[in-house]
Amino acid sequence: MPPPLRLRPRLTLEQKNIYISTTAIRLSSYSCSATKRGVVNITIHPRHHPTVFPTRSSSSSSSAEKGKRSLPAVFVRSGTSTGLVLRATDLPPCVSVTEWRDILASAMGSPDPVHGRQLDGMGGGVSSTSKVCVLAEADGKVDVDVDFTFVQVGIRDGELDMAGNCGNMSAIVGPLAWDWGFVKDKMERERRRGREKEREGEGDEAEVVVVRVRNTNTGKIIHSRFKVGGGVERRYSPVGEYVMDGVPGSGSRITLSFIDPAGAKTGRALPTGNPTDILSLPDGTKVRVSLVDVSNPGVFVTSEDLGLPDKKNEMLLTPAIVEADEGLKARLEMIRREGAARMGLDPDVQSVPKVVVLLPPLREDGVDLKCLAMSMGQAHKAVPLTLALCLGVAANIEGTVAHEKRKGKKKEEEGEKGDSRSVVIGHPSGTVEIGATFRDGRIVSADLHRTARVLMKGEVYY
């Protein structure tokens, strides 16, 4: 056990709020005393040394301390995204976004208004690499193991967007919660669920477990199913043979089931009650869209309705082409903002909804829909996973533009027969398969597979 830690953080008595958190357990005991000069002395007796956060100070003081402060963190690749994962106990209470902004934005290298590269932090200069997950043990009041808050960090402005969830980053939450001891009934869970061998043939010691995740951004539940190794520790095993497009190599398959995913932000799968709506744009034009809210809200528009040339060529619309066409980007942003307003959402929030362009049907084997998505003002090089979930479900809702696209392809290739609830979506980096389960017209769950692994762990400086 480390010796008692005596801190002299040079905080005057006027600075009454001091946040103390531990890296692994709650404090055993601590005591405070004040000198005649009003300086606070804190003596703490934990098994692990804590992180101490003084109250927010002036911007000049904050800038002077930049790079000197640190907190425990894990850096991960989760699906086709990368980002930091932190424990809630290592952060000050998030009474408002401002309580976390100075810490998380600085750790990721934001704001970076001129270059947009986040070179002074852990971010990568694109929306899929500027993400943070904050995990907390569940309160025990509901049938979940871990609470998960997703934070999208603005690259250029450093603003924290917590309006929606991230499907890709959701993949690492269950494995880390398991390894961090958030799942209290491991042995009982294993006995109750049985010892199901991994179907990929990756060894007799493989065992599949389920962790129940609550996403605080949407209030929705996710069941995360993954493999753990044998032995005493029984930790998450990232090695496997599952291959996902957009990520080199292979890994252990993580199956995510988004339970009752409809209405994550608006309360309804079809926020307006219509499978399609006509939006009137500020430039005087109109466009037909489908507004769908499953896992995260999306605005879906076909390339034909956008007025793009009808070339049945997958090079018709790529991230590079979109990024080079400022007029097209501006039009897509107008569509996103008008769609947000029609859904009752704030158009100024960039993360939700996102706009997705559906491309002409392709004759590729096994691909039902082809799409290109915009994320935080940038053309996504793959597809935001929650938007893929939303699109996969939308393709099964009669009357939506996604359903029309899929139905047309089915007619071309298979005739009128077949109404599969599994949809294969093509995106700029490959494909993703989305499974949707319906019961009596209700969306029970949306399912998909990912891989994820920890890249490094230690202290992140902010």
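In case you missed it, the structure is sitting above this.
Just so it is clear, the structure is predicted and the values come from calculations on it, not from any experiment.

**Student:** Can you help me understand the packing of aromatic side chains in this one?
**Tutor:** By the definition in use, this model includes three aromatic pairs. Plain terms: the ring middles of Trp180 and Phe182 are 6.0 Å apart, the flat faces sit at 65° to each other, and that makes the pair edge-to-face. Owing to a relative accessible area of 5%, Phe182 belongs among the buried residues under this scheme. Members of the aromatic cluster, each reached through a chain of ring pairs, are Trp178, Phe226 and Tyr236. Sitting over the ring of Trp180, Arg87 keeps its end group 4.2 Å from the ring centre.

**Student:** For this particular structure, what's the right way to read the pattern of salt bridges?
**Tutor:** Between side chains of opposite charge, a pair can form as their charged atoms come close. For the coordinates displayed, the defined rule picks out 19 salt bridges. Across the pair Arg214 and Asp139 runs a salt bridge, and its minimum N-O distance is 3.6 Å. Residue Arg214 is located in strand 11 (residues 207–215), and its partner Asp139 is located in the loop between strand 8 (131–137) and strand 9 (146–153); the two are separated by 75 residues in the primary sequence. The closest approach of N and O atoms between Arg331 and Asp283, which form a salt bridge, is 3.4 Å.

**Student:** What's the story with helix 7 (residues 326–342) in this structure? I'm lost.
**Tutor:** Each α-helix turn comprises 3.6 residues. Residues three or four places apart therefore point the same way. Between its first and last C-alpha, helix 7 extends 24 Å over 17 residues, near the 24 Å set by a 1.5 Å rise per residue. Considered for burial, the residues of helix 7 that qualify are Leu328, Lys329, Arg331, Leu332, Ile335, Arg336, Gly339 and Ala340. Of the residues that open helix 7, the one with a side-chain oxygen 3.3 Å from the backbone nitrogen of Gly327 is Asp325. Immediately beyond the C-terminal end of helix 7, within one or two residues, lies Gly344, with a positive phi of roughly 80°.

**Student:** How do you make sense of unusual backbone geometry when you look at a structure like this?
**Tutor:** Glycine aside, a negative phi is what most residues show, and trans is what most peptide bonds show. The residue after Ser110, namely Pro111, is reached through a cis peptide bond having omega 0°. Its place among the elements puts Pro111 in the loop between helix 2 (98–108) and strand 8. Cis rather than trans, the peptide bond between Val352 and Pro353 has omega equal to -10°. Relative to the helices and strands, Pro353 resides in the loop between helix 7 and strand 17 (354–358). With a phi close to 55°, Gln118 is a non-glycine residue in the positive phi region. Tracing the chain through its elements places Gln118 in the loop between helix 2 and strand 8. Phi at Asp260 is positive, roughly 45°, even though this residue is not glycine.

**Student:** Explain the environment of His403 here, please?
**Tutor:** Turning to its location among the elements, His403 is positioned in helix 9 (residues 401–414). On the accessibility criterion, His403 (17% relative accessible area) is buried. Expressed as a C-alpha distance, the spacing of His403 and Gly392, which sit 11 residues apart in the sequence, is 9.3 Å. If near-sequence neighbours (up to four positions away) are discounted, His403 is found in contact with Ala394, Ala395, Asn396, Ile397 and Glu398.

**Student:** So what exactly am I meant to see when it comes to the environment of Val247 here?
**Tutor:** Within the secondary structure, Val247 sits in the loop between strand 12 (221–228) and strand 13 (254–259). C-alpha separation for the pair Val247 and Ser429, spaced 182 residues apart in sequence, amounts to 9.0 Å. Leave out the neighbours within four places in its chain, and Val247 touches Arg77, Gly79 and Thr80.

**Student:** What exactly am I supposed to notice about the nonpolar core here?
**Tutor:** The nonpolar side chains of a soluble globular protein tend to be buried, and buried together. By size, the foremost hydrophobic cluster in this structure holds 62 residues, and its most contacted members are Val85, Leu135 and Phe300. In terms of residue count, helix 8 (residues 385–394) provides more of this core than any other element does, eight residues in total. Ignoring any residue separated from it by four or fewer positions in sequence, one finds Leu135 in contact with Val85, Leu86, Arg87, Ala88, Val146, Asp147, Phe148, Val173, Leu176, Trp180 and Phe182. Grouped together as the second largest cluster of nonpolar side chains are 22 residues, Ala340, Leu345, Leu359 and Ala379 included.

**Student:** Explanation requested: the side chain of Ser224 in the structure shown.
**Tutor:** Along the chain, Ser224 falls in strand 12. Here Ser224 is in contact with Ala171, Gly174, Pro175, Val209, Val210, Val211, Ile254, Thr255 and Leu256, once residues within four sequence places are set aside.

**Student:** When you look at the pairing of strand 20 (residues 422–427) in this model, what are you seeing that I'm missing?
**Tutor:** The side chains of a regular strand alternate between the sheet's two faces. Of all six residues making up strand 20, five are buried, and the element is well covered by its neighbours. Note that strand 18 (residues 369–375) and strand 20 share two bridges and pair parallel. In the strand pairing of strand 20, Leu369 is matched with Ile425. Pairing between strand 20 and strand 21 (residues 430–439): six bridges, direction antiparallel. Within strand 21, the position partnered with Val423 by the bridge is Ile434. Hairpin connection from strand 20 to strand 21: two residues lie between these consecutive antiparallel strands.

Rules behind the numbers
- Residues numbered from 1 in each chain as written.
- Predicted model: local features only at pLDDT ≥ 70, side-chain atom pairs only at ≥ 80, totals over all residues.
- Heavy atoms only, no water.
- Phe/Tyr/Trp six-rings, centres within 6.5 Å; stacked < 30°, edge-to-face > 60°.
- Buried < 20%, exposed > 50% of the residue type's maximum accessible area, 1.4 Å probe, protein only.
- Lys NZ or Arg CZ within 6 Å of the ring centre and 35° of its normal.
- Salt bridge = Lys/Arg side-chain N within 4 Å of Asp/Glu carboxyl O.
- Helix = DSSP H or I, 4+ residues; strand = E, 2+ residues; numbered from the N terminus.
- Expected span 1.5 Å × (residues − 1).
- Polar contact = N/O pair within 3.5 Å; in protein donor to acceptor, adjacent residues only side chain to side chain.
- Contact = heavy atoms within 4.5 Å.
- Core = buried A, V, L, I, M, F, W, Y, C linked by side-chain atoms within 4.5 Å.
- Pairing = 2+ DSSP bridges.

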